[in-house]
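Chains, contacts and geometry: an overview
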Amino acid sequence: MSYVIENNNKLIVIPHIPKTAGCAVGKYLEKNFDFIYGQSEQPSWENCSELSKRINGHTRVQECQNAIVDFYGDSLKEKETILISIIRNPWSWWKSWFHFIPKIVDTDSDFSIEFEELYKGKEVDFETFLLWMKENKHRCIFKNRDTDTLKYEQMSNWSNPSVFDFDKTYVCETHEVGKRLPEIFSDLGFDFDNKVELDNQSKSINYTNDQIYNDKTRKIVEDFHKEDIIEYGFNWNTHKDYS
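1. Quick look at the environment of L198
With respect to the secondary-structure elements, L198 resides in the loop between α8 (177-187) and α9 (209-212). Sequence separation of L198 and V25 is 173 residues, and the distance between their C-alpha atoms is 8.2 Å.

This is the structure:
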């Protein structure tokens, strides 16, 4: 889920882009804040706030902003709004998807298309996986309470605001989140004495990007993320996995 934190006059928004250390970030936030919209009210979703209901799931910053405007109304003008976007190098991101999806594809209804058309009854190599995504990723969604979200959108589509301008914005790459996220909160005036503990649920990945990619698959991912490469300066030579 995405996270919204209200602390005094600060309103901090962290959209949860999938495969960007979201579980570790959520645990870190829980240690440092008494209440977090989108997380603290689980599992009592029926009785939770409307804001938590609407940002539950993998929601883009645009959906978070719509929910915030409706929830706070005119009092939003009194808040200092802060956006923290945690992003990931596309070549690392797609490798992570490739290893993650087979673990849940036959049990998670959000992945029913992938299961029926790509995985059912067969093993899939990385190139086949990306070629299928090239033709079909526009059909693959997360089913959220308000607006369904395309799972495999570019990072910039997940994290670029469109409803209002944030007073402050921060960007943190996933492989730096253990160090960078505490630095961001320190810059915002918070004094936390703990760090992000990265559990890295993809530790079964035992080889580097160089071992899984070839020229063809590198180019496919590059074409998937043209806007991200411009927006964030991603390139093949700077890809890193978080650890």
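2. Focus on the pattern of salt bridges
Tallied over the entire structure, the rule returns twelve salt bridges. For the salt bridge of E63 with R60, the shortest nitrogen-to-oxygen distance reads 2.7 Å. Grouping residues by exposure puts E63 and R60 together as buried. E117 serves as the salt-bridge partner of R139, at 2.6 Å between the closest nitrogen and oxygen. In this pair, R139 is assigned in the loop between α6 (126-136) and β4 (141-142) and E117 in helix α5 (residues 112-119), connecting sequence segments 22 residues apart. On the basis of relative accessibility, which here comes to 32%, the residue R139 falls in the partly exposed class.

3. Observations regarding the packing of aromatic side chains
Applying the stated criterion across every chain yields a total of 29 aromatic pairs. Note on Y37 and F71: the rings are 5.5 Å apart at their centroids and 70° apart in plane angle, and the pair reads as edge-to-face. Here Y37 is found in the loop between α1 (22-32) and α2 (50-55), whereas its partner F71 is found in helix α3 (residues 61-72), with 34 residues between them in sequence. Using a relative accessible area of 12% as the deciding quantity, one classes Y37 as buried. Plain terms: the ring middles of F100 and F111 are 6.5 Å apart, the flat faces sit at 70° to each other, and that makes the pair edge-to-face. Here F100, found in helix α4 (residues 90-104), pairs with F111, found in the loop between α4 and α5; they are eleven residues apart in sequence, far enough to count as distant.

What counts and what doesn't
- Residues numbered from 1 in each chain as written.
- Predicted model: local features only at pLDDT ≥ 70, side-chain atom pairs only at ≥ 80, totals over all residues.
- Heavy atoms only, no water.
- Helix = DSSP H or I, 4+ residues; strand = E, 2+ residues; numbered from the N terminus.
- Salt bridge = Lys/Arg side-chain N within 4 Å of Asp/Glu carboxyl O.
- Buried < 20%, exposed > 50% of the residue type's maximum accessible area, 1.4 Å probe, protein only.
- Phe/Tyr/Trp six-rings, centres within 6.5 Å; stacked < 30°, edge-to-face > 60°.

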